[in-house]
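Chain by chain, the residues:
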Amino acid sequence: MPKKAKAAKAQAPKLPKGEAEQVRIRREVGHDFALKDDAFGRKRLAAGTAEARRVYEVSNDGYTSTGGIVRVRNVDPLLGITSLSRQQREAGQRYREDFQCSQQAGVKPMRWSERVDGGRQGGGIADSVLDAGRAHAAATRALGHWEVAVVVRQVCCAGGSIKSLAEQTGEGRDVVTKLLKVGLDLLAVHYGMMMGR
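Bear in mind the structure is a predicted one, so any value in this text is a computation, not a measurement.

Colleague: Residues and numbers for the nonpolar core, please.
Modeller: In this structure, Y95, L143, V152, C156, L180, L184 and L187 are the most contacted members of the largest nonpolar core, which totals 23 residues. Elements with a contribution of two residues or more to this core: α4 (86-102), α6 (146-157), α7 (162-169) and α8 (173-190). Take this core: its biggest share by element is 7 residues, from α6.

So, in structure tokens, the structure goes:
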């Protein structure tokens, strides 16, 4: 008489690379608010949230108990907010690039050859920097309202998070996210990436 086959117990799927370490670090630091139990009883990062995309790095071989220092790297809001459309992301990136290029006036050395176009001696500001500054100013004017401009500038240019902006303004995160989306839509229309309504 053959032995009865035991019912196969469901095997837990393997965790994505690095997730177990991120869970361990969060538990050591006390940041377990972003952790949830899965069907197998394991602690997991809450998938699809900005908190789950945040990366905790620990010095001293990765252990806080031996004096390691925890550093948190935030995810770029333009990439981290999953509800943004492709045009909104591209408009935010372009706005950011114009801003960053316009801030490069004192960083890049000028060519040693003398310029003929305006009689300037010693260089001056490069035309590409001036063009980027003009493009950034025109895009900022296209945002229309100052509250929208503040949110877009903080997220795209200063790298601020929605959470920190909501705390600064006293508004809810959904309100700040909506202002960001409106601003990115206006930028996308300004840059010709989508049609205005």
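Next comes the rest of the write-up.
Colleague: Tell me about the state of the cysteines, and name the residues and values.
Modeller: Applying the stated rule across the entire model yields 0 disulfides. The thiol sulfur of C157 is not disulfide-bonded, and the nearest other cysteine sulfur, from C156, lies at 6.1 Å. Residue classification places C157 among the buried residues on the basis of a relative accessible area of 16%.

Colleague: Please give an account of helix α5 (residues 127-142) that cites residues and values.
Modeller: Taking 1.5 Å as the rise per residue, α5 with 16 residues should run 22 Å; its terminal C-alpha atoms sit 23 Å apart, in good agreement. For α5, every residue scored as buried is listed here: V129, A132, H136 and A139. Seen along its axis, α5 keeps its buried residues to an arc of 90°; they face one direction. Structural note: α5 exposes R134 and R141 on the side pointing more than 90 degrees away from its buried face. Each element contacted by the buried residues of α5 is listed here: α4, α6 and α8. Phi for G144, located one or two positions after α5, is positive at around 80°.

Colleague: For α4, give the residues involved together with the corresponding values.
Modeller: Between its first and last C-alpha, α4 extends 24 Å over 17 residues, near the 24 Å set by a 1.5 Å rise per residue. Among all positions of α4, only Q88, A91, G92, Y95, R96, D98 and S102 are buried. Angularly, the buried residues of α4 cover 160° about the axis, an arc narrow enough to put them on a single face. On its buried face, α4 is in contact with α3 (77-80), α5, α6 and α8.

Colleague: An account of the side chain of R26 is requested, with residue identities and associated values reported.
Modeller: Along the chain, R26 turns up in helix α1 (residues 19-29). Classification of R26 by relative accessible area gives buried; the value is 0%. Ignoring any residue separated from it by four or fewer positions in sequence, one finds R26 in contact with H31, D32, A34, L35, L45, E51, A52, R54 and Y56.

Colleague: Give a description of the pattern of salt bridges that names residues and reports values.
Modeller: Pairs can form between side chains of opposite charge whenever their charged atoms are close. On inspection of all chains with the given rule, the structure shows 7 salt bridges. Ionic pairing is found between E28 and R24, a salt bridge with its closest N-O pair at 2.9 Å. Pair noted here: E28 and R24 are both in helix α1, with a separation of 4 residues, about one helical turn. You can call E28 partly exposed: its relative accessible area is 34%. Take R24: its relative accessible area is 25%, and that puts it in the partly exposed class. For R134, the salt bridge identified is with D131, shortest N-O distance 3.1 Å. Of this pair, R134 and D131 both sit in helix α5, separated by 3 residues, roughly a single helical turn. Assessed through its relative accessible area of 45%, D131 is described here as partly exposed. Here the residues in one salt-bridge network are E19, D38, R42 and R44, joined through shared partners.

Colleague: Could you give an account of the confidence of the model for the protein, with specific residues and numbers?
Modeller: Residues of the protein with pLDDT of at least 70 account for 76%, and the chain-wide mean is 77. At the level of individual helices and strands, the protein shows its lowest average pLDDT in helix α2 (residues 50-53), which scores 68, and its highest in α8, which scores 90.

The rules behind each value
- Residues numbered from 1 in each chain as written.
- Predicted model: local features only at pLDDT ≥ 70, side-chain atom pairs only at ≥ 80, totals over all residues.
- Heavy atoms only, no water.
- Core = buried A, V, L, I, M, F, W, Y, C linked by side-chain atoms within 4.5 Å.
- Buried < 20%, exposed > 50% of the residue type's maximum accessible area, 1.4 Å probe, protein only.
- Helix = DSSP H or I, 4+ residues; strand = E, 2+ residues; numbered from the N terminus.
- Disulfide = S-S within 2.5 Å.
- Expected span 1.5 Å × (residues − 1).
- Arc of directions from axis to C-beta.
- Contact = heavy atoms within 4.5 Å.
- Salt bridge = Lys/Arg side-chain N within 4 Å of Asp/Glu carboxyl O.
- pLDDT = per-residue confidence, 0-100.

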